[in-house]
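Examination of the molecular architecture
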Amino acid sequence: HVLKNISWTVVISLLILFFVGCIVLYSASGGSFEPLVNKHIFKFLISLSVFFLICFLNYNLIRKYSYSLFFLSLFGLIYLLFFGIESAGSKRWISIGAFTVQPSEFAKIFLIFALSRYYSDLEHIKNSSILKLIIPIIFIIFPFFFITSQPDLGTSLLLFANGICLIFLSGISLWIIFFGFIAFLFSIPIVWNLLHNYQKQRILTFLNPESDPLGSGYHIAQSK
């Protein structure tokens with residue numbers, strides 16, 4: 001039965017988070033449902049509908065088009081660089097008629113599809129094979145740099161983390177993970193120099209919010 005494909009533990013967890021979110025937004029709005037709580041409810045209902053719709057989809061259908069969807073998301077990121085809507089110094093949205101679309105959100109999902117398909121096709125390859133690292137890294141690098149150039153550091157880091165988690169969960173050799181971590185450490189100075197000043201400030205504030213408690217670290221300090 002199709003309902004057996006649904007993880008009710010996940011559904012219940014989502015509902016709990018949804019109600020907690022409603023309470024927090026209601027409090028932040030000064031005891032009002034407008035506008036935050038109502039928007040939160042609306043977005044959750046749409047997302048929940050998509051969640052159940054995906055549960056009814058055939059797994060093989062998603063697997064079949066995983067690479068196509070990933071490359072389509074890359075095309076959207078490239079298109080965004082030239083024809084995206086610029087707002088506050090960044091290009092993150094594409095206008096399609098009466099709607100606007102953020103390609104980076106699709107890239108995060110379709111990267112997971114593509115890497116899952118790749119590792120599924122290579123399940124007969126040994127975990128010590130470099131093929132289990134090189135191609136997935138390339139899959140991650142392209143959308144990562146396209147999103148970073150928008151600029152959108154937060155989304156690019158989330159996409160990067162998603163990809164790295166899948167590489168780790170693929171059963172790859174611990175030696176490859178070790179050398180990959182060493183390479184990552186050596187790349188930090190290069191990546192740091194490519195960041196904008198405000199992005200560097202956000203990272204420094206995250207690491208030490210007390211350095212500017214009334215400025216960039218204000219919200220972190222208040223949340224504590």
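Considering all chains together, one arrives at three salt bridges under this definition. The salt bridge partner of Asp121 is Arg63, with a shortest N-O separation of 2.6 Å. Within this pair, whereas Asp121 is found in helix H5 (residues 103–121), its partner Arg63 is found in helix H3 (residues 59–64), the two being separated by 58 residues in sequence. When its relative accessible area of 30% is taken as the criterion, Asp121 is described as partly exposed. As a salt-bridge pair, Asp121 and Arg117 come within 3.0 Å of each other at their nearest N and O atoms. Remark: Arg117 and Asp121 occur in helix H5; sequence separation between them is four residues, near one turn of the helix. Each of Arg63, Arg117 and Asp121 takes part in salt bridges that share partners, so that together they form one network.

With that settled, the discussion passes to helix H7 (residues 153–169). Over its 17 residues, H7 runs 24 Å from end to end, which matches the ideal 24 Å to within 8%, given 1.5 Å per residue. Those residues of H7 that fall on the buried side of the exposure criterion are Leu153, Thr155, Ser156, Leu159, Gly163 and Ile167. At its buried positions, H7 is contacted by H5, helix H6 (131–148) and helix H9 (197–207).

This part takes up the environment of Ser216. Within the secondary structure layout, Ser216 lies in the loop between H9 and helix H10 (218–223). A residue is classified by how much of its surface remains accessible, and Ser216, at 37% relative accessible area, is partly exposed. Distance in space between the C-alpha atoms of Ser216 and Leu204 is 9.7 Å, their sequence separation being 12 residues. Setting aside chain neighbours within four positions, we find Ser216 in contact with Gln201 and Thr205.

The subject of this paragraph is the packing of H6 against H7. Their axes nearest at 9 Å, the elements H6 and H7 cross at an angle of 170 degrees. As the angle between them shows, H6 and H7 are arranged roughly antiparallel. Across from Lys132, Leu133, Pro136, Ile137, Ile140, Pro143, Phe144, Ile147 and Thr148 in H6, the residues of H7 making contact are Thr155, Ser156, Leu157, Leu159, Phe160, Gly163, Ile164 and Ile167.

Note that an α-helix has 3.6 residues per turn; residues three or four places apart therefore point the same way. Taking 1.5 Å of rise per residue, 18 residues should cover 26 Å, and H6 covers 26 Å from first to last C-alpha, within 8% of that figure. Considered for burial, the residues of H6 that qualify are Lys132, Leu133, Pro136, Phe139, Ile140, Pro143, Phe144, Phe146, Ile147 and Thr148. Turning to H6, the residues buried within the fold contact helix H4 (66–83), H5, H7 and helix H8 (174–194).

Backbone torsion omega between Glu34 and Pro35 reads -10 degrees, so that peptide bond is classified as cis. Tracing the chain through its elements places Pro35 in the loop between helix H1 (8–28) and helix H2 (36–55).

One recurring pattern in soluble globular proteins: nonpolar side chains tend to sit buried together. Membership of the largest hydrophobic core comes to 21 residues, with the highest contact counts inside it found for Phe70, Leu77, Leu111, Phe139, Ile140, Leu159 and Ile167. Of all elements in the fold, only H4, H5, H6 and H7 reach the threshold of two or more residues within this core. When residues in this core are grouped by element, the largest group, seven residues, is from H5. Core analysis: the second largest hydrophobic core is formed by five residues, Phe18, Cys22, Phe44 and Leu48 among them.

This part takes up the confidence of the model for the protein chain. In this model, the protein chain carries a mean pLDDT of 81, and residues with pLDDT of at least 70 account for 96%. In the model of the protein chain, strand S1 (residues 85–87) stands out as the element of lowest mean pLDDT, 71, in contrast to H5, which has the highest, 89.

What follows concerns the environment of Asp121. Residues contacting Asp121, with those up to four places away along its chain left out, are Arg63 and Tyr67. A distance of 2.6 Å separates polar atoms of two side chains, one belonging to Asp121 and the other to Arg63.

The next subject is the side chain of Thr155. Within the secondary structure, Thr155 sits in helix H7. Not counting chain neighbours up to four residues away, the residues in contact with Thr155 comprise Ser104, Glu105, Lys108 and Ile147.

A word on the packing of aromatic side chains. Throughout the structure, instances matching the rule amount to 15 aromatic pairs. Pairing Trp8 with Phe52 gives two aromatic rings, centres 6.3 Å apart and planes at 50 degrees, and the pair type is tilted. Residue Trp8 is found in helix H1, and its partner Phe52 is found in helix H2; the two are separated by 44 residues along the sequence. Given a relative accessible area of 44%, Trp8 falls into the partly exposed group. When its relative accessible area of 23% is taken as the criterion, Phe52 is described as partly exposed. Summarising the aromatic geometry, the rings of Tyr118 and Phe139 are spaced 6.1 Å apart at their centres and angled 45 degrees between planes, so their arrangement reads as tilted. One end of the pair, Tyr118, is in helix H5; the other, Phe139, is in helix H6, and 21 residues separate them in sequence. The burial state of Tyr118 is the same as that of Phe139; both residues are buried.

Rules behind the numbers
Residues numbered from 1 in each chain as written. Predicted model: local features only at pLDDT ≥ 70, side-chain atom pairs only at ≥ 80, totals over all residues. Heavy atoms only, no water. Salt bridge = Lys/Arg side-chain N within 4 Å of Asp/Glu carboxyl O. Helix = DSSP H or I, 4+ residues; strand = E, 2+ residues; numbered from the N terminus. Buried < 20%, exposed > 50% of the residue type's maximum accessible area, 1.4 Å probe, protein only. Expected span 1.5 Å × (residues − 1). Contact = heavy atoms within 4.5 Å. Axes fitted to C-alpha atoms, helices over the stretch in contact; angles between N-to-C directions. Parallel < 35°, antiparallel > 145°, perpendicular 65-115°, else oblique. Core = buried A, V, L, I, M, F, W, Y, C linked by side-chain atoms within 4.5 Å. pLDDT = per-residue confidence, 0-100. Polar contact = N/O pair within 3.5 Å; in protein donor to acceptor, adjacent residues only side chain to side chain. Phe/Tyr/Trp six-rings, centres within 6.5 Å; stacked < 30°, edge-to-face > 60°.

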